[in-house]
Amino acid sequence: SNPMLGLRGALSYTIDARLFEVELGALATLQQAGYRNLHLMLPFVRSVEEVIACRRYIDDAGLGQVDGFALWIMAQAHSNR
């Protein structure tokens, strides 16, 4: 309901995940190449539902199966529900 927030961050991933899937694929390729210091931060998270939806894509990409992988969120405190 706030037009200043716009379609960006985690919300954009839940509406059209194509770019997010490409990004996750790139991270998965790096993991498969032996890089173990990779972490992912979901930007502009507004709700728990966005995290849950994004987590499904992350799990599907296999990123969380590598030891040391961390998922972080950047919460938009004024809009979190």
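Residues numbered from 1 in each chain as written. Predicted model: local features only at pLDDT ≥ 70, side-chain atom pairs only at ≥ 80, totals over all residues. Heavy atoms only, no water.

Q: Requested: an account of the nonpolar core, with residues and values cited.
A: Residues F20, L24, L40, L42, C54, I58 and L63 are the most contacted members of the largest nonpolar core, which totals 14 residues. At the level of elements, α1 (10-15), α2 (18-32), β1 (39-45) and α3 (48-60) are the ones that each hand at least two residues to this core. Among the elements that make up this core, the one with the highest residue count is α2 (four residues). Setting aside residues up to four positions removed in sequence, L24 forms contacts with L40, Y57, I58, A61 and L63. (Core = buried A, V, L, I, M, F, W, Y, C linked by side-chain atoms within 4.5 Å. Buried < 20%, exposed > 50% of the residue type's maximum accessible area, 1.4 Å probe, protein only. Helix = DSSP H or I, 4+ residues; strand = E, 2+ residues; numbered from the N terminus. Contact = heavy atoms within 4.5 Å.)

Q: How would you explain α2 if you had to name every residue and give the values?
A: Compared with an ideal rise of 1.5 Å per residue, which puts 15 residues at 21 Å, α2 spans 21 Å between its outermost C-alpha atoms and is within 8% of the ideal. Buried within α2 we find F20, L24, L27, A28 and Q31. Axial view of α2: buried residues confined to an arc of 105°, hence all on one face. Residues of α2 that are exposed and point over 90 degrees away from its buried face: R18, L19, V22 and Q32. Packing partners of the buried residues in α2 comprise α1, β1 and α3. Looking at the residues trailing α2, positive phi occurs at G34, about 110°. (Expected span 1.5 Å × (residues − 1). Arc of directions from axis to C-beta.)

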